[in-house]
Amino acid sequence: MLTVNAIAATSATDPLVRTTIERRDLGARDVLIEIRYAGICHSDIHTVRGEWGDVSYPLTVGHEIVGVVTEVGGEVSKHAVGDRVGVGCMVNSCRECPNCRAGQEQYCENGNTGTYAAVDRDGTVTQGGYSTHVVVDQDFVLRVPESIPYEAAAPLLCAGITTYSPLAHWKAGPGTKVAVVGMGGLGHMAVKIAVAMGADVTVLSQTLSKKDDGLGFGAENYHATRDEATFEALRNTFDLIINTVSAPIDMASYLGLLRLDGTLVSVGAPPEPLPVPVFALFGNRRSFAGSGIGSIGETQEMLDFCAERGIAPEVEVIGADDVNDAYERVLRSDVRYRFVIDIDTLR
Ligand code: NAP
Ligand code: ZN
Ligand code: ZN
């Protein structure tokens, strides 16, 4: 066992604190990673606050992890000491079910093993990336291209892949009109990636306060959703809407923005249900779908795509003692556009 420095939640309501956690001994197929940066995803906040259900405390979250390999097990062939690597939202899966065999292990029928708050094969609860080191099976470790700075690479491991996957699946590209709802961590990556794929992109944000940024990321249009006129002006417009909002939205209003055969995909994960009035689906033969992260193969594809296209998240690097303030700012939608913890401040 390796005892390492970490930041943990001790309850759903108390501030996160510095502590130590244990990492398992390196197995034959494991990689030991010295973590450099860890992104703060809104899912971390939903989880530590118990909004998605009960979790066991103390809990260390964080599933946007980048660092350098410092040791490998005897059977490791995919990674070597010194490699720049990343770990995202899952660290294992059953590898035997149809979805795992199809390379869609994020949809493992037996449940993928989350990077934190999941029960691992050895019965322990997984602990995430707000820590100095992590031990991960080589198959769930990604290569981070040299051209992406470490701190900017971190958010790609969740915000990047979670938006790339539905944009690729629903074929965002030249000739398609894509709307992105909510321009936070996921939303700003959805804009950048959809633009790089060649789509015509519109941002639907609560207000126009980030309009210059959205247009700077390559969006053609930017509208405020607090203005009712937006929903009239944009009726029957989009082929694809990616909803990244962490709270419930009014489904009828947003479905009305889809043109014939359009799809609204929710990646935002509010704890409450999103009630769908079926009549909003009948018009234009609309679809409502969800999408969860992406496979390991697709995550590598996304990292390579971002490196080739020169796309990187906008990050605000913070120290270990700033995490509680950062959580409050995320909850106020005051994030430009991802907080990333400099893990050197934890050593
Ligand atoms: P975030 O940085 O907080 O961004 C969410 C954005 O939604 C905010 O910046 C804000 O954008 C908008 N928003 C927030 N509250 C709102 C409200 N009450 N009404 C309307 N708009 C509101 O969060 P994130 O890290 O991008 O995560 C977004 C959601 O995706 C979370 O629920 C997270 O758990 C989920 N998620 C899901 C997956 C998956 O696999 N499906 C993966 C990762 C994260 P504006 O200021 O532009 O309005
Ligand atoms: Zn996440
Ligand atoms: Zn499986």
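Note: the structure precedes this text.
If you're wondering where the values come from, they're calculated on a predicted model, not measured in any experiment.

Asker: Hey, could you run me through a nonpolar patch on the surface in this one?
Answerer: Where nonpolar side chains cluster on the molecular surface, the patch consists of Val 278, Phe 279 and Phe 282 and spans about 370 Å² of accessible area. Tracing the backbone through its elements, the reader meets Val 278 in the loop between β14 (258–266) and α9 (279–282). Take Val 278: its relative accessible area is 43%, and that puts it in the partly exposed class.

Asker: Explanation requested: helix α4 (residues 159–169) in the structure shown.
Answerer: The α-helix advances 3.6 residues per turn, and as a result positions three or four apart in sequence lie on the same side. When you tally the buried positions in α4, you get 9 out of 11 residues, the bulk of the element. What α4 keeps buried is the set Ala 159, Gly 160, Ile 161, Thr 162, Thr 163, Tyr 164, Ser 165, Pro 166 and Leu 167. Buried residues in α4 make contact with β10 (177–181), α5 (185–197), β13 (238–243), β14, α10 (296–309) and β17 (338–342).

Asker: For this particular structure, what's the right way to read the coordination of the zinc ion (ligand 2)?
Answerer: Tetrahedral coordination by four donors places them ideally at 109.5 degrees to one another around the metal; octahedral coordination by six donors ideally gives 90 or 180 degrees. Coordination of the zinc ion (ligand 2) by the protein involves Cys 41 (SG), His 63 (NE2) and Cys 158 (SG), with metal-donor separations of 2.0 to 2.2 Å. For the zinc ion (ligand 2), the donor residues sit on a single chain with the sequence spacing C-x21-H-x94-C. Of this pair, His 63 sits in the loop between α1 (42–48) and β4 (65–72) while Cys 158 sits in the loop between α3 (150–153) and α4, placing them 95 residues apart in sequence. For the pair formed by His 63 and Cys 158, the shared burial category is buried.

Asker: Any chance you could explain the nonpolar core here in plain terms?
Answerer: Proteins that are soluble and globular tend to have nonpolar side chains buried together. Within the largest apolar cluster, 86 residues are counted, with the highest numbers of intra-cluster contacts made by Ile 40, Tyr 130, Leu 167, Val 323 and Tyr 327. It is α5 that provides the largest number of residues to this core, a total of 7 residues. Counting residues in hydrophobic clusters, the runner-up holds 16 residues, among them Ile 241, Met 251, Leu 255 and Leu 257.

Asker: I'm lost on the site of ligand 1 in this one. Help?
Answerer: Close contacts around ligand 1 come from 29 residues, with His 42, Met 183, Ser 205, Lys 210 and Arg 338 the closest. In the environment of ligand 1, an oxygen atom lies 2.6 Å from a nitrogen or oxygen atom belonging to the side chain of Ser 205. Note that an oxygen atom of ligand 1 is positioned 2.6 Å from one of the side-chain N or O atoms of Arg 338. Taken by itself ligand 1 offers 920 Å² of open surface, and the protein chains cover 87% of this. Sorting the residues of the shell around ligand 1 by element identifies α1 and α5 as the ones contributing at least two each. Sorting elements by how many residues they give to the shell around ligand 1 places α1 first, with 3 residues. Looking at the shell around ligand 1, its residues break down into 12 nonpolar, 15 polar and 2 charged.

Asker: Would you mind going over the sheet that holds β13 with me for this structure?
Answerer: One key point about sheets: their strands pair by backbone hydrogen bonds, in either a parallel or an antiparallel sense. The parallel open sheet is built from 6 strands, whose spatial order is β12-β11-β10-β13-β14-β15. Of all strands in the sheet, those bounded by a partner on one side alone are β12 (221–224) and β15 (287–290). The mean inter-strand angle of the sheet, taken between neighbouring strand axes irrespective of direction, is 20°. Seen against the sheet, α4 touches β10, β13 and β14 and runs at an angle of roughly 160° to β13.

Asker: I'm lost on the coordination of the zinc ion (ligand 3) in this one. Help?
Answerer: The protein atoms that coordinate the zinc ion (ligand 3) are Cys 94 (SG), Cys 97 (SG), Cys 100 (SG) and Cys 108 (SG), at distances of 2.3 to 2.4 Å. For the zinc ion (ligand 3), the 4 donor atoms are set out with angles of 103 to 120° between them, so the coordination reads as tetrahedral. One chain supplies every donor for the zinc ion (ligand 3), spaced along it as C-x2-C-x2-C-x7-C. Taken together, the positions of Cys 94 in the loop between β6 (90–92) and α2 (98–101) and Cys 108 in the loop between α2 and β7 (113–114) put the pair 14 residues apart, joining distant regions of the chain.

How each quantity is defined
- Residues numbered from 1 in each chain as written.
- Chains lettered and ligands numbered in written order.
- Predicted model: local features only at pLDDT ≥ 70, side-chain atom pairs only at ≥ 80, totals over all residues.
- Heavy atoms only, no water.
- Patch = residues over 30% accessible without salt bridge, like charges linked within 9 Å, V, L, I, M, F, W, Y side chains within 5 Å.
- Areas by Shrake-Rupley, 256 points an atom, 1.4 Å probe, with all protein chains shown as cover.
- Salt bridge = Lys/Arg side-chain N within 4 Å of Asp/Glu carboxyl O.
- Helix = DSSP H or I, 4+ residues; strand = E, 2+ residues; numbered from the N terminus.
- Buried < 20%, exposed > 50% of the residue type's maximum accessible area, 1.4 Å probe, protein only.
- Contact = heavy atoms within 4.5 Å.
- Donors = N, O, S within 2.8 Å, 3.2 Å for Na, K, Ca; no water.
- Core = buried A, V, L, I, M, F, W, Y, C linked by side-chain atoms within 4.5 Å.
- Near = heavy atom within 4 Å.
- Polar contact = N/O pair within 3.5 Å; in protein donor to acceptor, adjacent residues only side chain to side chain.
- Nonpolar A, V, L, I, M, F, W, Y, C, P; charged D, E, K, R; others polar.
- Pairing = 2+ DSSP bridges.
- Axes fitted to C-alpha atoms, helices over the stretch in contact; angles between N-to-C directions.
- Tetrahedral: all angles 85-135°; square planar, octahedral: opposite > 155°, others 65-115°.

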